[in-house]
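Each chain, letter by letter, is given below.
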Amino acid sequence: MSRLGTLGAKLYRGEVGYDFVAKRKIWYGISILITITAIVGLAVRGLNLGIEFSGGAVFETPKTSVSASQAREVAESASGGHTAVVQELGRGGLRIQISELGTKEALPVQEKLAKELDVKTSEIETQLVGPSWGEEIANKAWQGLAIFMVLVVIYLAIAFEWRMALAALIALIHDLTITVGVYALVGFEVTPGTVIGLLTILGYSLYDTVVVFDGLKEASKDLTKQTRFTYSEIANRSLNSTLVRSINTTVVALLPVGALLFIGGGALGAGMLNDISLALFVGLAAGAYSSIFIATPLVADLKERDPQMKALAKRVRAKRASAAAKADGDGEQKPQDVTPQPRAEDGDAPTPAAAGAGQRRQPASRSRGRGRPSGKRR
């Protein structure tokens, strides 16, 4: 068996472990710091919405010798200062996106692009997206996200309990906030592919959290009938038993997503792959972190406020204190009594201590007991 497999078996049996729950304030602080950074980035830089949400025009050119940076300058100049996003296509052409570009402005821009890029106007394909359509798509996305969250809370409240449902909801919001904040800081364009990636990571994060919660539910059954462990300790043992599985699942999922992001999107310049893969990469990592460091410790925090769990923790502490005191008492060696006992004088009865501690008295000889002379009978 490999070292990781051996470690996983020991974690599952509870032979080794790391106290995640006891150090929950550290994880809360790290999450708050990351979340604040994401919110600040979102407030300062904002999201770079694609034309599917903000409206605009998309121009796809045939093969050309003009570089992407030159085409960007031409497009922004032709559109009157609108921001242009240029991507290189596999066949040598260019895809030029100009947000907030109206229908009347699209035709002059198409003609100027054709002139500057030295191609025919008819060879440039143009797609127009109205702002009202993009706004409708954005509203539908928010509605779908809200419905998803409500269904998740209802399911977890029925399958487990409301505390686990609340912890899972907070973990999902945590993952969403971090992912959206990274998009704002990096400046990647938000497209329908981004929405698909966000919904995918929500499902993954929820799956990982439910696996941990299921083990916790089984381990905490009839918990108040024993006095060995508190709820927080049971939660930590359950988390450690699924730790290696969570790490393996996350690493295996991140490897192909990282290939999409760094090779497909970075080296090959595939546009929509960037949108999906960045959301997946950040979201998968944040989801694994939240299921281990946020969801389970938060459930333990909420559960320890319950009166039954408070009483259980009190009984566990009392039993451990009693066991520790008994162990200390048994470990101390009692000093032996070396006080000299008085010696019995002749004719005096021996004291009980002397009789118990001294040698056994020999019985009187048979001749003395009977009073017969020791001489020989005639």
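Along each chain, residue indices are assigned from 1 in the same order as the chain's sequence is written. It should be noted that, the model being predicted, local features are given only for residues of pLDDT at least 70 and side-chain atom pairs only at 80 or more, the latter also being counted only at that level, while totals for whole chains, interfaces and linings use all residues. Processing note: side-chain calculations cover all non-hydrogen atoms of the structure and skip hydrogens and water entirely.

**Observations concerning the overall build of the protein chain**
- Each helix corresponds to a stretch of at least 4 residues labelled H or I by DSSP, and each strand to a stretch of at least 2 residues labelled E; elements are numbered beginning at the N terminus. In terms of helices and strands, the protein chain carries 14 helices and 6 strands.
- Categorising residues by exposure relies on relative accessible area from a 1.4 Å probe, with only protein chains included: less than 20% of the type maximum marks a residue as buried, more than 50% marks it as exposed, and the intermediate range marks it as partly exposed. Per-residue burial over the protein chain gives 39% buried out of 378 residues.
- Residues count as neighbours in contact if any of their non-hydrogen atoms are within 4.5 Å of one another. Across the protein chain, every contact between residues at least 6 apart in sequence was considered, and the portion connecting residues at least 24 apart equals 75%.
- Using a 1.4 Å probe, accessible areas were evaluated by the Shrake-Rupley method; residue-level cover was limited to the displayed protein chains. Carbon and sulfur atoms form 58% of the exposed surface of the protein chain, whose accessible area is close to 23,000 Å².

**Remarks on the nonpolar core**
- Remark: nonpolar core denotes a set of buried residues (Ala, Val, Leu, Ile, Met, Phe, Trp, Tyr, Cys) joined through side-chain atoms within 4.5 Å. Ranked by internal contacts, the top residues of the largest apolar core, which has 37 residues, are Leu156, Met164, Phe213, Leu216, Tyr231 and Val299.
- Looking at this core, the elements that each hand over two or more residues are helix 6 (131–159), helix 7 (162–186), helix 8 (192–219), helix 9 (231–241), helix 10 (243–267), helix 11 (271–303) and helix 12 (307–331).
- The greatest single-element share of this core, amounting to 8 residues, is contributed by helix 8.
- With near-sequence residues (within four places) excluded, Met164 lies in contact with Leu156, Phe213, Leu216, Tyr231 and Val299.
- Ala71, Ala84, Leu94 and Ala114 belong to the second largest nonpolar core, which has 21 residues in total.

**Digging into helix 7**
- To estimate how far a helix should extend, the number of its residues minus one is multiplied by 1.5 Å. Its 25 residues give helix 7 an end-to-end C-alpha distance of 36 Å, which sits within 8% of 36 Å, the value for a rise of 1.5 Å per residue.
- Gly187 sits one or two residues past helix 7 and shows a positive phi near 90 degrees.

**Brief notes about the sheet that holds strand 2 (residues 56–60)**
- Strand order in the open sheet formed by 4 strands is 3-4-2-5, with antiparallel pairing between adjacent strands. Each of the sheet's edge strands pairs with one partner strand only, and the pair in question is strand 3 (84–88) and strand 5 (125–129). Adjacent strand axes in the sheet meet at a mean angle of 15 degrees when their direction is disregarded.
- Strands qualify as paired when DSSP identifies two bridges or more between them. Relative to strand 5, strand 2 is paired through 5 bridges, and the arrangement is antiparallel. From the neighbouring strand, Phe59 faces strand 5, where its bridge partner is Thr126.
- Axis lines are fitted to C-alpha atoms, over the contacting stretch for helices. Their N-to-C directions set the angle, which ranges from 0 to 180 degrees. Contacting strand 3 and strand 4 (94–99), helix 4 (residues 68–78) crosses the sheet at an angle of about 150 degrees to strand 3.
- Seen against the sheet, helix 5 (residues 103–117) touches strand 2, strand 4 and strand 5 and runs at an angle of roughly 25 degrees to strand 2.

**Digging into the confidence of the model for the protein chain**
- Put simply, the protein chain has an average pLDDT of 77, and 79% of its residues get 70 or more.
- Residue-level confidence of the predictor is summarised by pLDDT, bounded by 0 at the bottom and 100 at the top. Mean pLDDT across the elements of the protein chain ranges from a minimum in helix 13 (residues 352–357), with 38, to a maximum in helix 2 (residues 24–44), with 91.

**Concerning the packing of aromatic side chains**
- Aromatic pairs are defined between Phe, Tyr and Trp rings, using the six-membered ring for Trp, whenever the two ring centres lie within 6.5 Å; interplanar angles under 30 degrees are classed as stacked, those over 60 as edge-to-face, and all others as tilted. Evaluation of the coordinates by the stated rule reveals 5 aromatic pairs.
- Each ring, one from Trp27 and one from Phe293, has its centre 4.7 Å from the other, and the planes form 65 degrees; the classification is edge-to-face. Taken together, the residues span a long stretch of sequence, with Trp27 in helix 2 and Phe293 in helix 11 at a distance of 266 residues. Phe293 shares its class with Trp27; the two are buried.
- Centroid distance Phe160 to Phe213: 6.3 Å. Interplanar angle 75 degrees. Geometry classified as edge-to-face. With a gap of 53 residues between them, Phe160 in the loop between helix 6 and helix 7 and Phe213 in helix 8 connect regions that are remote in the sequence. One exposure class covers both Phe160 and Phe213, and it is buried.
- One residue, Lys23, lies across the ring of Tyr18, its end atom 5.1 Å from the ring centre.
- Taking the ring centre of Phe229 as reference, the NZ or CZ of Arg237 above it sits at 4.8 Å. We count a charge as sitting over a ring when the NZ of a lysine or the CZ of an arginine lies within 6 Å of the ring centre and within 35 degrees of the ring normal.

**With respect to unusual backbone geometry**
- Of note, the phi angle at Asp222 is positive, near 55 degrees, even though the residue is not glycine.
- Along the chain, Asp222 falls in the loop between helix 8 and helix 9.
- With relative accessibility at 48%, the residue Asp222 sits in the partly exposed group.

**Observations concerning the environment of Tyr289**
- Positionally, Tyr289 belongs in helix 11.
- Linking Tyr289 and Thr250, residues 39 residues apart in sequence, is a C-alpha distance of 9.7 Å.
- Residues in contact with Tyr289, not counting those within four places in the same chain, are Trp27, Ile30, Ser31, His174 and Ile294.
- At 3.4 Å, the side chain of Tyr289 and the side chain of Ser31 are in polar contact. Any pair of N or O atoms that falls within 3.5 Å is considered a polar contact. Within protein, one atom must be able to donate a hydrogen and the other to accept it, and sequence-neighbouring residues count only if both atoms are side-chain atoms.

**Notes on the pattern of salt bridges**
- Salt bridges are defined by distance alone: a side-chain nitrogen of Lys or Arg within 4 Å of a carboxyl oxygen of Asp or Glu. The tally for this structure, following the rule as stated, stands at 9 salt bridges.
- One salt bridge connects Glu60 with Arg95, and the closest N-O pair in it is separated by 3.7 Å. One end of the pair, Glu60, is in strand 2; the other, Arg95, is in strand 4, with 35 residues separating them in the sequence. One exposure class covers both Glu60 and Arg95, and it is buried.
- Put simply, Asp306 and Arg163 hold a salt bridge, and the shortest N to O gap is 3.3 Å.

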